Amino acid sequence: MVCESTGRYGASTLCRYRLGADRAEQRAEVPAEFFAEGICRVGDVIWQLTWRERTALKWDAATLELIDRVPYNREGWGMCAAGDYVVTSDGSSELVRRDPQTLGARAVLHVRCAGARVQGLNDLAWSAGAIWASVAGTIWANVAGTYYLAGIDPDSGEVTDVVNARAARERHLWDPQAIMNGIAALPAEGEFLLTGKGWRSIRHVRLKLAREKAALERVLGGRAR
């Protein structure tokens, strides 16, 4: 089963469907004043960020009923549950560790690659296993405006792995907003779901380390908010 958040004012939703199905089994309409962004599940709750409204929405994971609206201190972009905390992004080079029950901020993580800050950190996913020779537990981020994924050490903020996901792109020649913007880790090690804004499909992929030297420069070319 896949839970998905879709954006736009007056058309944002939270839905659940079986992977590959052509329609949702459950769908909840987000209040029209919110532009929905990233989601993650914490126990019996699904948290959903909103873009500029400084509000997080708290949903019942079983019924998709809205439980609460919680004040939030940044723009909302991506989020993931990472063990005993939640990580959020706001399109900058900073990730924030948060309390999974309240979303209160615990610490700010400055993400760097080869000493330079990585701008445009977008949707997030947590992989608990070790892919390649990386640390056991990695935050994966879409880098906005690129086809690159950054694997981030959750303690230091250093980019430890880079993946060129261009092969998974979907072509939208006349829509510059149709960027890659959606990542979720699957149970099998190294396997993920990727999608983007306005895309017609979800890609099931196995990540492959980018070995070209240009990869680091491309990760640093993220679109800052």
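This is a predicted model, so every value here is computed, not measured.

1. Overview of the nonpolar core
With 19 residues, the main nonpolar core has Val87, Leu95, Ile139, Ile152 and Val159 as its most contacted residues. Taken together, the elements giving at least two residues each to this core come down to β8 (79-82), β9 (85-89), β14 (121-127), β15 (138-143), β16 (148-152) and β17 (159-164). Beyond its immediate stretch of four places on either side in the chain, leucine 95 contacts Val87, Thr88, Ser89, Ala107, Val108, Leu109, Val111, Leu121, Leu124, Ile139 and Ile152. One finds Leu149, Ala168, Met180 and Trp199 within the second-largest nonpolar core, a separate group that totals 14 residues.

2. Brief notes about the side chain of threonine 195
If you trace the backbone, threonine 195 turns up in strand β19 (residues 191-196). Polar contacts involving the side chain of threonine 195 include one to the main-chain carbonyl oxygen of serine 201, which spans 3.0 Å. Ignoring any residue separated from it by four or fewer positions in sequence, one finds threonine 195 in contact with Met180, Asn181, Gly182, Ser201 and Ile202.

3. Notes on the side chain of threonine 50
Here threonine 50 is to be found in strand β5 (residues 45-50). A polar atom in the side chain of threonine 50 sits 2.5 Å from the backbone oxygen of threonine 55. When sequence neighbours within four positions are dropped, the list of residues in contact with threonine 50 reads Phe34, Phe35, Glu37, Thr55, Leu57, Glu75 and Gly76.

4. Things to note about the sheet that holds strand β11 (residues 105-110)
On the basis of which strands lie adjacent, the open sheet formed by four strands has the order β8-β9-β10-β11 and antiparallel pairing. Looking along the sheet, the strands with just one partner apiece sit at the ends: β8 and β11. Neighbouring strand axes in the sheet, compared pairwise and without regard to direction, differ in orientation by 25° on average. Pairing between strand β10 (residues 94-98) and β11: five bridges, direction antiparallel. Pairing of arginine 97 across the sheet is with alanine 107, part of β11.

5. Points about the packing of aromatic side chains
When we look at a pair of aromatic rings, we describe it by the centre distance and by the angle of the planes. Applying the stated criterion across every chain yields a total of three aromatic pairs. Relative to phenylalanine 35, the ring of tyrosine 9 has its centre 5.3 Å away and its plane inclined at 75°; by these criteria the two rings are edge-to-face. With tyrosine 9 in the loop between β1 (2-6) and β2 (13-17) and phenylalanine 35 in the loop between β3 (26-29) and β4 (36-42), the pair connects residues that are 26 residues apart, well separated along the chain. Sitting over the ring of tyrosine 85, arginine 97 keeps its end group 4.3 Å from the ring centre.

6. Remarks on the environment of arginine 112
Mapped onto the fold, arginine 112 is located in strand β12 (residues 112-113). Using a relative accessible area of 32% as the deciding quantity, one classes arginine 112 as partly exposed. Not counting chain neighbours up to four residues away, the residues in contact with arginine 112 comprise Arg117, Val118, Gly157, Glu158 and Val159.

7. Focus: the pairing of strand β7 (residues 66-71)
Across a regular strand the side chains alternate sides, sitting on one face of the sheet and then on the other. Pairing geometry for strand β6 (residues 55-60) and β7, over five bridges, is antiparallel. Pairing of tryptophan 59 across the sheet is with leucine 66, part of β7. As consecutive antiparallel partners, β6 and β7 are separated by five residues, and within that stretch leucine 64 has a phi angle of approximately 55°, a positive value.

8. Let's talk about the environment of serine 156
Topologically, serine 156 is positioned in the loop between β16 and β17. We classify serine 156 as partly exposed; its relative accessible area is 46%. In this structure the side chain of serine 156 is engaged in a polar contact, spanning 3.2 Å, whose partner is the backbone nitrogen of glutamate 158.

About the criteria used
- What you see as residue numbers is a count from 1 along each chain, following the sequence as written.
- Since the coordinates come from a predicted model, pLDDT governs what is reported: local features require at least 70, and pairs of side-chain atoms require 80 or more to be given and counted, while whole-chain, interface and lining totals use all residues.
- The basis for the side-chain values is all heavy atoms of the structure; hydrogens and waters are excluded.
- Here, nonpolar core refers to any group of buried Ala, Val, Leu, Ile, Met, Phe, Trp, Tyr and Cys residues whose side-chain atoms link them within 4.5 Å.
- Under the scheme applied here, a residue whose accessible area is under 20% of the maximum for its type counts as buried, over 50% as exposed, and between as partly exposed, the area being computed with a 1.4 Å probe on protein chains only.
- Think of it this way: any DSSP run of H or I at least four residues long counts as a helix, any run of E at least two long counts as a strand, and we number them from the N terminus.
- We call two residues contacting when some pair of their heavy atoms lies within 4.5 Å.
- Polar contact is the term for a pair of N or O atoms within 3.5 Å; when the atoms are in protein, one must be able to donate a hydrogen and the other to accept it, and sequence-neighboring residues count only if both atoms are side-chain atoms.
- Here, strands pair whenever DSSP counts at least two bridges between them.
- What counts as an axis is a line fitted to C-alpha atoms, over the stretch in contact for a helix, and the angles between N-to-C directions run from 0 to 180 degrees.
- Only Phe, Tyr and Trp rings are paired, with Trp represented by its six-membered ring, and only when their centres lie within 6.5 Å; those with planes under 30 degrees apart are stacked, over 60 edge-to-face, the remainder tilted.
- Each ring is checked for a lysine NZ or an arginine CZ that lies within 6 Å of its centre and within 35 degrees of its normal; such an atom marks a charge sitting over the ring.

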